[in-house]
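# Notes for the structure review
Now for the letters of each chain:
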Amino acid sequence: MLDPALLRGQLAETAQRLATRGYILDTAAFQAIETQRKQVQTQTQEWQNLRNTRSKAIGASKAKGEDTAALMAEVAGIGDRLKENESQLAQIQDRLAALAQGIPNLPHESVPVGSDETANVEQHRWGTPRVFDFAVRDHVELGARKGWLDGDAGVKLSGARFTVLRGELARLHRALAQFMLDLHTGEHGYLECNIPLIVNADTMQGTGQLPKFEEDLFATQVGDTRRYLIPTADVSLTNLVREDILEATALPLRMTAHSLCFRAEAGSYGRDTRGMIRQHQFEKVELVSITQAVDSFAEHEHMTRCAEIVLERLGLPYRRMLLCTGDMGFSATKTFDLEVWLPSQNTYREISSCSNCTDFQARRMRARWRNPENGKPELVHTLNGSGVAVGRALIAVMENYQNADGSIAVPEPLRVYMGGAQCIV
RNA sequence: GGAGAGGUGGCAGAGUGGUCGAAUGCGCCGGAUUCGAAAUCCGGUUUACGGUUUUACCGUAACGUGGGUUCGAAUCCCACCCUCUCCGCCA
C-alpha cells in the first residue's frame, strides 16, 4: 500500500508517477470518495463523543442517586443516527481500502520509464560466453540422454509444466541448492530459515499476492479453510515480521530459505513450454532483508551482489538489468534482474530478480521498527531477491558445462556436494 | 477423530454493566540517592486513525474476530477463529 498521505496531499503527482508503470489512477473518483470519507468520519466521531460524554453523565448521576430521566431523554435517538453513520463510514473505508490495495508501488526516480522489457537497461556483464567446437545441445536433449530429465513422467503424474529429475542430475540440482544456502549463510550473513509452503490469506495479502493476483496461485481447501501455496519464499520470510515492532539492533534482518515455489502461470500459456524453464513447481533459494528506510537502497545493491556472487562462483556468464517502470512487479519500487547466459538460446535468460519494496509491503503488514531517537515506531523497508532460482541454475550449468559426448562437467564449488565428482556422465 | 482448558498492555495477572485504555507485580526509560554500583524512592512507559493553529494539542477506536442487547460492554447474549493439554493416529 502507498502512503495515504501521498494520495491525499499529492494526488495528481502520484497519479502521474503511477502512470509511468502503466497504472491509471482515477483521481476524480478517488478525490470524491476521500472527501466523503473525511466528512462522514468527522461527523461519526462527533456523535461518538456526544454519546460517550452523555453516557458518562448518566453513570455519574446515577451514582449520586439522582433522577436520570432527563439525561436519558437527551440521548434518545443518538444511537440510531450513530449506527447509520458508522456503517456508512465502514462502507466508505472498505471502498478506499479496496482501491488502495490495488495500487502498485511508486517507481523510484532512478528507474527508467518504459512499457515492457525492451526498455530495461543493462548495468553490467560478467564472464565470457564459451565458444563451443561442437553443436550445443539444450538442457532437454542433455537431460533426455540418461533419463535424467523426464518431462513425460511429469505430465503423467501431474500435467504440463511438471518434470521428474533422476540420478546424477537430481543430485546436481540438490547440490546447487546446498551450495547457495551455504554461501549465503556462511559468507553473506543471512539467517537460514525453513518456512511453511502453505500459508493463509493474511500472509498472501501482506506481501501483495492477494487480493489482486489470486489466479496466479495454487490453493488448498480443507473444510472451509482456504490456504495458498507460496509462489516464492519471500512470502513466508517477509511475513515473519508482520505486525511486529522490531528493535533497531535487529536491523538489517537478513534471512534466506531454500524452498519449493508454486505458480499457476496463468497467462503464460505457450511461453517456455519446452523443458524446465517455466514450471508450476520449482525450487529457489530466496534472500530477504528487513531494513530501516535510510538503508534500503544500499541493501538492495548488497543483496543483488550476493546473488551475482552465486553465478560468479559457478562460472556462469550473466548480465545485470535494471527493470523499467513497466516491467516491475506490483510491490517493487526498483528491481534488478540477473540474466544468465544460455548457449542453446544464444541469449541471456532471467535467473534472479532482486527488488526493493520500500515501505509498500510493510504498510500492509504493519511491520515496523522502533527508532531510539524518538521512541516512535516507523515502517521498515522490505527487500527480496532470488539467490538464485535453482531449476534455472541447473539448466545453465547443464548447457554451459556440456561436453561433446553429452556429459556435464561439475563446477568446482559443487563437487563437494557431489561426492567429489568432476563430471556427470 | 475423542475429551478438556484458555485467549486482557512487552511479560505475568486482576477486573462480571458506569470517569476502566484498564489494578498490581515484573521488565523498560528518565530522575533522586551513591565515589560508582546494588538496594531503595519518585516520575514515566500501548497502538492505530482522524482533526487542528502540526517537534504540540484535541478527539475517536482497540481487552481473539464478527454480530446482538443497552443511554453505556473487557464485563451480558449469539456465532466464528485461534492457541494449549491429554488420548488416538501419524513422518
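Above this text you will find the structure in question.
Rules and cut-offs
- Residues numbered from 1 in each chain as written.
- Chains lettered and ligands numbered in written order.
- Predicted model: local features only at pLDDT ≥ 70, side-chain atom pairs only at ≥ 80, totals over all residues.
- Heavy atoms only, no water.
- Near = heavy atom within 4 Å.
- Polar contact = N/O pair within 3.5 Å; in protein donor to acceptor, adjacent residues only side chain to side chain.
- Helix = DSSP H or I, 4+ residues; strand = E, 2+ residues; numbered from the N terminus.
- Nonpolar A, V, L, I, M, F, W, Y, C, P; charged D, E, K, R; others polar.
- Pairing = 2+ DSSP bridges.
- Core = buried A, V, L, I, M, F, W, Y, C linked by side-chain atoms within 4.5 Å.
- Buried < 20%, exposed > 50% of the residue type's maximum accessible area, 1.4 Å probe, protein only.
- Contact = heavy atoms within 4.5 Å.
- Axes fitted to C-alpha atoms, helices over the stretch in contact; angles between N-to-C directions.
- Parallel < 35°, antiparallel > 145°, perpendicular 65-115°, else oblique.
- Left-handed = near helix turned anticlockwise from the far one by under 90°.

### Examining the protein's contact with RNA strand B
Near RNA strand B you find 19 residues, and of these Arg8, Gln48, Ser55, Arg368 and Arg370 are the closest. Within the side chain of Arg370, one N or O atom sits 2.8 Å away from a phosphate oxygen of RNA strand B. Elements that contribute at least two residues to the surface near RNA strand B include exactly helix 3 (27-63), helix 4 (69-75) and strand 14 (368-371). For the surface near RNA strand B, the element with the most residues is helix 3, which contributes 12 residues. The class makeup of the residues in the surface near RNA strand B is 4 nonpolar, 7 polar and 8 charged.

### Some points on the pairing of strand 7 (residues 225-229)
Strand direction decides the pairing type here: strand 5 (residues 198-199) and strand 7, joined by 2 bridges, are antiparallel. Looking at the pairing, Val199 lines up with Tyr228 of strand 7. Bridging between strand 6 (residues 219-222) and strand 7 involves 4 bridges; their strand directions are antiparallel. Among the inter-strand pairings, Thr220 is bridged to a residue of strand 7, identified as Arg227. Where strand 6 folds back onto strand 7 in an antiparallel hairpin, the turn is made up of 2 residues, including Gly223, whose phi is positive at roughly 60 degrees.

### Here's the deal with the nonpolar core
Counting residues in hydrophobic clusters, the biggest one holds 47 residues, and the most contacted among them are Leu172, Leu176 and Met180. Going through the elements one at a time, helix 8 (167-186), strand 10 (281-291), helix 11 (296-313), strand 12 (334-342), strand 13 (347-356), strand 16 (381-389) and helix 13 (390-400) are the ones with two or more residues in this core. At 9 residues, the largest contribution of residues to this core is made by helix 8. With sequence-adjacent residues up to four places away left out, Met180 is seen in contact with Val285, Val310, Gly387, Val388, Ala389, Val390 and Ala393. Leu237, Val241, Val288 and Ala367 belong to the second largest nonpolar core, which has 24 residues in total.

### Looking at the sheet that holds strand 8 (residues 245-247)
Here we have 3 strands laid out as an open sheet, ordered 8-14-15, and mixed in their pairing. The sheet terminates laterally at strand 8 and strand 15 (376-379), the two strands that pair on one side only. Across the sheet, the mean angle separating the axes of adjacent strands is 45 degrees when strand polarity is ignored. Bridge count between strand 14 and strand 15: 4 bridges; the pairing is antiparallel.

### Details of the packing of helix 8 against helix 11
Viewed as axis vectors pointing N to C, helix 8 and helix 11 meet at an angle of 130 degrees, and their least axial separation amounts to 11 Å. The orientation of helix 8 relative to helix 11 falls into the category oblique. As for the relative orientation of helix 8 and helix 11, their crossing is right-handed in sense. Contacts between helix 8 and helix 11 pair Phe179, Met180, Leu183 and His184 from the former with Cys306, Ile309, Val310 and Arg313 from the latter. Its residues assigned to classes, the contact of helix 8 with helix 11 comprises 6 nonpolar, 1 polar and 1 charged.

### Quick look at the sheet that holds strand 7
Reading across from one edge, 5-7-6 is the order of the 3 strands in this open sheet, with antiparallel pairing throughout. Among the strands making up the open sheet, the edge pair consists of strand 5 and strand 6.

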